[in-house]
Amino acid sequence: MHSKILILDFGSQVTQLIARRVRDAGVFSEVFPYDVSDDFVREYGAAGVILSGGPNSVIEGDTPRVPQAVFELGVPVLGICYGMQAMAEQLGGKVENGLVREFGYAEVRAHGHTRLLNEISDFTTPEGYGMLKVWMSHGDKVNDMPPGFKLMASTPNCPIAGMADEERRFYAFQFHPEVTHTLQGEAILGRFVHEICGCKSEWNMPDYISEAVEKIRAQVGNDHVILGLSGGVDSSVAAALIHRAIGDQLTCVFVDHGLLRLDEGKMVMDMFGKNLGVKVIHVDATAQFMGKLAGVTDPEAKRKIIGAEFVEVFQTEAGKLKDAKWLAQGTIYPDVIESAGKGKKGHTIKSHHNVGGLPETLNLKLLEPLRELFKDEVRKLGVALGLPHEMVYRHPFPGPGLGVRILGEVKKEYADLLRRADAIFIEELRNTPIPLATELAAGEGHGAFHKNWYDATSQAFAVFLPVKSVGVMGDGRTYEYVVALRAVQTLDFMTAHWAHLPHELLGKVSNRIINEVRGINRVVYDISGKPPATIEWE
Ligand code: XMP
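Model, not experiment: these values are computed from the prediction.

1. What to know about the overall build of the protein
Now for step 1: Counting its regular elements, the protein contains 17 helices and 19 strands.
Now for step 2: Along the longest, intermediate and shortest principal axes, the C-alpha atoms of the protein span 85 × 60 × 40 Å.
Now for step 3: Put simply, the protein has 538 residues, and 56% of those count as buried.
Now for step 4: For the protein, the exposed surface amounts to about 23,400 Å²; the carbon and sulfur share of it is 52%.
Now for step 5: Here the protein contributes 56 positive and 68 negative side-chain charges, whose respective centroids are spaced 4 Å apart.

Structure representation (structure tokens):
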């Protein structure tokens, strides 16, 4: 078992980033709600504890507090923002409402030559003080440090911007080392986990495989497992990992609802069936889905029908596999944190049902081998398991597939046209390199490194508009359908910018679609942000 860092979440928007930064430093870490019990804290076995920021004020009585056991464990503790204030208040210091609120960029002066900040700085003042460029956010601030603490950092507005009790190894910052705006954040968190907590860099995906494989084997024994393979990143990586662990005890069910992208079914079957030798049952349920969708135009009704039908088809197939005791799902760590946060206490309460309510009805046990991993870790794991980079770094694709990209009634004829238009758009995005200057500006792309416009966008696709417009081709008048292109850049998919694709690229895509896809004579580009629009059109 490797050493691990316990992160207690006080409700900050960026708590997950703390865990990601710590893991990037090669140390396993997990996020739990702040109100876990003292027993939990004692039994967890943390090499160090980090207290996150949060929206509350410790000055108001009934606000979150740190489980007292945290301060009695004898391990290092790092408080961030609210975490610092709660630490100060509980250890005998004083927090007051600051007259000047501070949000955003700040320059912080380091003090006291602490082990945590020693020789970490962005620049040195003419007087010789080490300075840090940080992301600050506070209304309240610590006015008196608790006994035993000394000053570690300050700004003119926030004289106690950092404090340290080096004997007990308690440290705290008013600013956020976990966000990239704090330039030395990575160095500070790295110093905390490696040198202060004494953790080695032992968390990496290639090594994780053998650990995960052992765990899956121990969990399922000789039982059989079924998994709903969608072709998306999470279910694909879960399938590859479970197959590595138990081989033929895994059967995947791949439901093709007829609303997949061009050649997607073949790609999934080739990849898993042929290349990896995974048992995959390919169910072509196109006719069944199209039948149910006939005449339905309301987006939510369409979603419900597709979801329910998916469950129906999956269940029928699963029912045939008499030996199966487990249902595997590609649930990932952000889903777990989110459910824990929503359900408040406890960490294991609710699982995300990616395939809608299946566990209860099938009476199967749940196997979720990616529950501990962030999306970027899942991708790295996929590559380490031998999945092609192209598949692992694919844009997200919604469960209802093209069903929400064909406006109004879904027809097979429309899906066929849309598939071809979409494939042309994606092919051109992949084939168009992005100039370096643009690459730097387009920091919000999808892949870790951008070499082409596909990687520089987070999601890109074509949308079928069931309206006809007049055109002219050769000598004749045409009266055909319209396709809209959508490409966005986003970090979290909650807000998004439309991608400023080069006009030449858009022109080429438009020409190709109109020339190659008979039935479409007009292409438009969607220049709406989210909000007020959404990423998908339905
Ligand atoms: P919107 O359109 O809400 O999309 O801005 C945000 C992200 O969610 C995806 N999305 C879905 N994914 N089932 C899914 O599995 C759905 O019904 C669904 N609707 C939207 C969308 O592709 C984007 O990544």
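2. Regarding the pairing of strand E8 (residues 150-154)
Now for step 1: Two elements, strand E5 (residues 94-110) and E8, share 2 bridges in a ladder whose sense is antiparallel. When the sheet's bridge partners are listed, Arg 109 is paired in E8 with Ser 154.
Now for step 2: Here E8 pairs with strand E9 (residues 162-165) via 3 bridges, running antiparallel. Paired with Ala 153 across the two strands is Gly 162, which belongs to E9.

3. Looking at the UniProt feature "binding site: ATP" (unreviewed entry) in the protein
Now for step 1: According to UniProt, the feature "binding site: ATP" (unreviewed entry) maps to Ser 230, Gly 231, Gly 232, Val 233, Asp 234, Ser 235 and Ser 236 in the numbering used here.
Now for step 2: Along the chain, Gly 232 turns up in the loop between strand E11 (224-228) and helix H6 (233-246).
Now for step 3: For Ser 236, a relative accessible area of 1% corresponds to the buried category.

4. Quick word on the packing of aromatic side chains
How two aromatic rings sit relative to each other is given by the distance of their centres and the angle of their planes.
Now for step 1: One pass over the structure, following the stated rule, counts 15 aromatic pairs.
Now for step 2: Aromatic pair Phe 10 and Tyr 82: ring centres 5.5 Å apart, planes at 40 degrees, arrangement tilted. With a gap of 72 residues between them, Phe 10 in the loop between strand E1 (4-9) and helix H1 (15-24) and Tyr 82 in helix H3 (residues 82-90) connect regions that are remote in the sequence. Here the two residues Phe 10 and Tyr 82 agree in accessibility, since each one is buried.
Now for step 3: Judged by centre distance (4.6 Å) and plane angle (25 degrees), the ring pair of Tyr 414 and Phe 464 falls under stacked. In this pair, Tyr 414 sits in helix H14 (residues 412-431) while Phe 464 sits in strand E16 (residues 459-473), placing the two residues 50 residues apart along the sequence.
Now for step 4: Residue class for Tyr 414 comes out buried when judged on its relative accessible area of 7%.
Now for step 5: The exposure class assigned to Phe 464 is buried, which follows from its relative accessible area of 0%.
Now for step 6: An aromatic cluster of three or more residues is present, and its members are Phe 10, Tyr 34 and Tyr 82.

5. Digging into the site of the ligand
Now for step 1: Arg 303, Pro 398, Gly 399, Pro 400, Gln 459, Phe 493, Lys 530, Thr 534, Ile 535 and Glu 536 make up every residue found near the ligand.
Now for step 2: Arg 303 has a polar side-chain atom sitting 2.5 Å from an oxygen atom of the ligand.
Now for step 3: Between the ligand and Gly 399 there is a distance of 2.9 Å, counted from an oxygen atom to a backbone nitrogen or oxygen.
Now for step 4: Bound to the protein, the ligand loses 69% of the 490 Å² it would expose on its own.
Now for step 5: Its residues assigned to classes, the shell around the ligand comprises 4 nonpolar, 3 polar and 3 charged.

6. Examining the pattern of salt bridges
Now for step 1: Inspection of every chain in the model, using the stated rule, returns 29 salt bridges.
Now for step 2: Residues Arg 65 and Glu 89 are paired through a salt bridge, measuring 3.1 Å at the closest nitrogen-oxygen approach. In this pair, Arg 65 is assigned in the loop between strand E3 (48-51) and strand E4 (77-80) and Glu 89 in helix H3, connecting sequence segments 24 residues apart.
Now for step 3: Looking at Arg 65, the relative accessible area reads 23%, which means it is partly exposed.
Now for step 4: Between Lys 274 and Asp 270 there is a salt bridge, with the nearest N and O atoms lying 3.3 Å from each other. Within this pair, Lys 274 and its partner Asp 270 are both found in helix H7 (residues 264-275), separated by 4 residues, close to a single helical turn.
Now for step 5: Judged by relative accessible area, Lys 274 falls into the exposed class, the value being 64%.
Now for step 6: In the salt-bridge network here, residues are joined through shared partners; they are Glu 427, Glu 428, Lys 508, Arg 512 and Glu 516.

7. Some words on H1
Now for step 1: Along H1, the residues that are buried comprise Thr 15, Ile 18, Ala 19, Arg 21, Val 22 and Arg 23.
Now for step 2: Two residues or fewer after H1 comes Gly 26, characterised by a positive phi angle close to 90 degrees.

8. Re the environment of Leu 262
Now for step 1: Structurally, Leu 262 is set in the loop between strand E12 (250-256) and H7.
Now for step 2: You can call Leu 262 partly exposed: its relative accessible area is 38%.
Now for step 3: Measuring from C-alpha to C-alpha, the distance between Leu 262 and Arg 419 comes to 5.1 Å, with 157 residues separating the pair along the chain.

9. As for unusual backbone geometry
Now for step 1: A cis geometry characterises the amide bond from Lys 530 onward to Pro 531, with omega recorded as -15 degrees.
Now for step 2: When you line up the elements, Pro 531 lands in the segment after strand E19 (520-525).
Now for step 3: In this model, Arg 169 sits at a positive phi of 60 degrees, which is unusual for a non-glycine residue.
Now for step 4: The exposure class assigned to Arg 169 is partly exposed, which follows from its relative accessible area of 25%.

What counts, and at which threshold
The residue numbers shown here count from 1 along each chain, following its written sequence. For a predicted model such as this one, the threshold for reporting local features is a pLDDT of at least 70, and the threshold for listing and counting side-chain atom pairs is 80 or more; totals across whole chains, interfaces and linings nevertheless cover every residue. Each side-chain value is worked out from all heavy atoms of the structure, with water and hydrogens disregarded. Helix and strand labels come from DSSP, where a helix needs a run of H or I of at least four residues and a strand needs a run of E of at least two; each type is numbered from the N terminus. Between buried and exposed lies partly exposed: a residue is buried under 20% and exposed over 50% of the maximum accessible area for its type, with that area taken using a 1.4 Å probe on protein chains only. Surface exposure here means Shrake-Rupley accessible area, sampled with a 1.4 Å probe, where a residue is shielded only by the protein chains that are shown. All tallies of charge rest on Lys and Arg as positive and Asp and Glu as negative; His and the ends of each chain are not included. All charge positions are set by atom: Lys at NZ, Arg at CZ, Asp at CG, Glu at CD. Here, any two strands with at least 2 DSSP bridges between them count as paired. UniProt positions are given in the numbering used here, feature names are shortened, and annotations may be inferred rather than shown by experiment. Two aromatic rings from Phe, Tyr or Trp, using only the six-membered ring of Trp, form a pair when their centres are within 6.5 Å; if the ring planes differ by under 30 degrees the pair is stacked, by over 60 it is edge-to-face, and anything between is tilted. Any residue with at least one heavy atom within 4 Å of a molecule or strand is counted as near it. Polar contacts, as counted here, are pairs of nitrogen or oxygen atoms within 3.5 Å of one another; within protein the pair requires one atom able to donate a hydrogen and one able to accept it, and residues that are adjacent in sequence qualify only if both atoms are side-chain atoms. The nonpolar class holds Ala, Val, Leu, Ile, Met, Phe, Trp, Tyr, Cys and Pro. Asp, Glu, Lys and Arg form the charged class, and all remaining residues, Gly among them, are polar. Counted as salt bridges are all cases of a side-chain nitrogen of Lys or Arg within 4 Å of a carboxyl oxygen of Asp or Glu.

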